[in-house]
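Structure at a glance
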Amino acid sequence: MSCPLPSSVEILAKPLVPKAASMEKPQPVATKVIKSLLPLKIINSYAAHSKRFSKLQVVSAQQRAEGGSLIYAHYDGDVQRPWKTADARLVLEDGSIWRAKSFGASGTQVGEVVFNTSLTGYQEILTDPSYAGQFVLMTNPHIGNTGVNPDDEESSQCFLAGLVIRNLSICTSNWRCTESLGDYLAKRNIMGIYDVDTRAITRRLRQDGSLIGVLSTEESQTNEELLEIARKWKIVGVDLISGVSCMTPYVWSDKTHLEWEFNNDQKLVENFHVVSYDFGIKHNILRRLASYGCKITVVPSKWPSSETLKMKPDGVLFSNGPGDPAAVPYAVETVKEIIGKVPVFGICMGHQLLGQALGGKTFKMKFGHHGGNHPVGNLRNGRVEISAQNHNYAVDPASLPPRVEVTHVNLNDKSCAGLACPELKLMSLQYHPESSPGPHDSDPAFREFIELMKANKT
Ligand SMILES: NC(=O)CC[C@H](N)C(=O)O
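Residues numbered from 1 in each chain as written. Predicted model: local features only at pLDDT ≥ 70, side-chain atom pairs only at ≥ 80, totals over all residues. Heavy atoms only, no water.

Quick notes on the overall build of the protein chain
Helices and strands together make up the secondary structure of the protein chain, namely 11 helices and 22 strands. In the protein chain, which comprises 458 residues, the proportion classed as buried is 56%. Restricting to contacts in the protein chain with at least 6 residues of sequence separation, those with at least 24 account for 77%. For the protein chain, the accessible surface area stands at approximately 19500 Å², while carbon and sulfur atoms represent 54% of it. (Helix = DSSP H or I, 4+ residues; strand = E, 2+ residues; numbered from the N terminus. Buried < 20%, exposed > 50% of the residue type's maximum accessible area, 1.4 Å probe, protein only. Contact = heavy atoms within 4.5 Å. Areas by Shrake-Rupley, 256 points an atom, 1.4 Å probe, with all protein chains shown as cover.)

Thoughts on the environment of Ile347
Structurally, Ile347 can be placed in strand 17 (residues 344–347). On the accessibility criterion, Ile347 (0% relative accessible area) is buried. In this structure, the C-alpha to C-alpha distance between Ile347 and Ser319, residues 28 residues apart in sequence, is 5.2 Å. With sequence-adjacent residues up to four places away left out, Ile347 is seen in contact with Ile285, Leu317, Phe318, Ser319, Asn320, Leu429, Tyr431, His432, Pro433, Glu434 and Phe446.

Description of the sheet that holds strand 17
One open sheet holds the 10 strands; their spatial order is 13-15-14-16-17-22-21-20-18-19, and the pairing between them is mixed. This sheet does not close on itself; its edge strands, each paired only once, are strand 13 (250–252) and strand 19 (384–396). Neighbour-to-neighbour, the strand axes of the sheet open up by a mean angle of 25°, direction not taken into account. For strand 18 (residues 361–378) and strand 19, the ladder comprises 11 bridges, and the chain directions are antiparallel. Each residue of the ladder has a partner; that of Val376, found in strand 19, is Glu385. Against the sheet, helix 10 (residues 349–357) makes contact with strand 16 (315–318), strand 17, strand 18, strand 19, strand 21 (416–421) and strand 22 (426–429), and its axis sits at roughly 120° relative to strand 17, the strand it touches most. (Pairing = 2+ DSSP bridges. Axes fitted to C-alpha atoms, helices over the stretch in contact; angles between N-to-C directions.)

Quick notes on the nonpolar core
Of all hydrophobic cores here, the largest spans 29 residues; its most connected members are Tyr277, Val316, Phe318, Ile339, Val344, Leu353 and Leu426. Secondary structure elements with two or more residues in this core: strand 14 (273–278), strand 16, helix 9 (329–338), helix 10 and strand 21. Not counting residues within four places of it along the chain, the set of residues in contact with Val316 comprises Val275, Tyr277, Thr308, Ile338, Val342, Pro343, Val344, Phe345 and Phe449. (Core = buried A, V, L, I, M, F, W, Y, C linked by side-chain atoms within 4.5 Å.)

Re the side chain of Ser301
Here Ser301 shows up in the loop between strand 15 (295–300) and helix 8 (305–310). Residues in contact with Ser301, not counting those within four places in the same chain, are Ile241, Ser242, Ser245, Tyr277, Asp278, Phe279 and Tyr330.

What about the site of the ligand?
Taken together, 13 residues lie near the ligand, and Gly321, Gly323, Cys348, Asn390 and Tyr393 sit nearest. A distance of 2.8 Å separates an oxygen atom of the ligand from a polar atom in the backbone of Tyr393. In the model, a nitrogen atom of the ligand is placed 3.4 Å from a nitrogen or oxygen of the His432 side chain. Relative to its free-state accessible area of 300 Å², the ligand is covered by the protein chains to the extent of 98%. Those elements that place two or more of their residues in the shell around the ligand are helix 10 and strand 19. If one sorts the elements of the shell around the ligand by residue count, strand 19 sits on top with four residues. For the shell around the ligand, the residue count by class is four nonpolar, nine polar and no charged. (Near = heavy atom within 4 Å. Polar contact = N/O pair within 3.5 Å; in protein donor to acceptor, adjacent residues only side chain to side chain. Nonpolar A, V, L, I, M, F, W, Y, C, P; charged D, E, K, R; others polar.)

So, helix 9
All buried positions along helix 9 are accounted for by Ala331, Val332, Thr334, Val335 and Ile338. The arc that holds every buried residue of helix 9, seen down its axis, measures 160°, which confines them to one face. Elements in contact with the buried residues of helix 9: strand 14, helix 8, strand 16, strand 17 and helix 10. Of the residues flanking the end of helix 9, it is Gly340, one or two places downstream, whose phi is positive at about 95°. (Arc of directions from axis to C-beta.)

Some thoughts on the packing of aromatic side chains
A complete count under the given rule lists seven aromatic pairs for this structure. Each ring, one from Phe345 and one from Phe449, has its centre 5.4 Å from the other, and the planes form 50°; the classification is tilted. Of this pair, Phe345 sits in strand 17 while Phe449 sits in helix 11 (residues 444–457), placing them 104 residues apart in sequence. By the burial criterion, Phe345 is buried, and Phe449 matches it. Above the ring of Phe262, the side-chain terminus of Arg288 is found at 4.4 Å from the ring centroid. (Phe/Tyr/Trp six-rings, centres within 6.5 Å; stacked < 30°, edge-to-face > 60°. Lys NZ or Arg CZ within 6 Å of the ring centre and 35° of its normal.)

Nothing here speaks to function; it is all geometry.
See below:
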């Protein structure tokens, strides 16, 4: 049974339909003068709340009385404009075409569409390198209201293919906000669309699994051409980590800022040296390790294990990262050469690589886990953690040798969410202990890693 489609969606069935004549010319993103019939009161209230309308000039009440009901306002940026016509198409590999309004960058971009159920944290999601090659569709309909700020970056770049949302907030309001979401994405050359039925797309993804899509603001590209791009593009079997990893080693020392710190147990702060493999590492993993007292050396994805062992680390962390874990055998080899020699901790991609290094297999999930509200059962202590997750692949626990213990399961679908092998001083999680999607339930995993390194010293 297929999902009902809203009437605004076309299906590119065979014979392929000709390009719709109704596509409007994309509007330039530059500052311009608009005519609006919005009541003066409402525009003034936007102006009061948002830097977006700082250049707003509204005619005086008298001019207004003389000039009729039109209000002229200077407008710059990409906030949601109900009067903007759809200037973008998202063409999915199943042949459906979704018309939308663009913001951020323009052009044509291909990627895998995944949905994320987080209510907050869109900036952390945008800067999570594990989204390389993917369009993130936010199921929360209201995005952009807090803008972006310099502190919430999870990496120095946005690697995702683009952002798909229902509503782009008409104003930004947050004490940390320094930029609007639209301006931020435009500067980073990332495409975004809004005014598209994200619920309907999510239902298709849940039913059919993740789909490849092409997003385009270019009228010169026909629907058929975009569909062909989507159908030819592949994400499975592709090494995406080498495109997001650092090029040379560096030292990391930033901790979680005192204002946000929640681990006040100084007894657990140890001066261990941790080498962190950067497969697309999120900064908060490094901050949490630093907050537990670790000195950290971050190394590139292809850094030889022999060089790592020469550094005599107290522990090694294998980070999160984008794409198919079965497509990076060189990283699995590195992991194999390190395990058993020093305590190791794998997070997400790192967990999948450890699973393979231990003799297990990974597989692609139907639509993965992407959100800040995934319940995980910790099988060792019987507790439930509400966790942040972002992965499309998982370790098949049946493929693992008996000495490997499954320590955590995702309670939504019972998939493997954590592993341990005490004889190899090894632990791993499929989700993100460094994330703070509200709860900090999973942060004790860093404490466990510290304990593992401590036990190895004595
Ligand atoms: N966050 C991650 O490390 C993602 C892991 C892997 N790329 C996946 O999608 O399953």
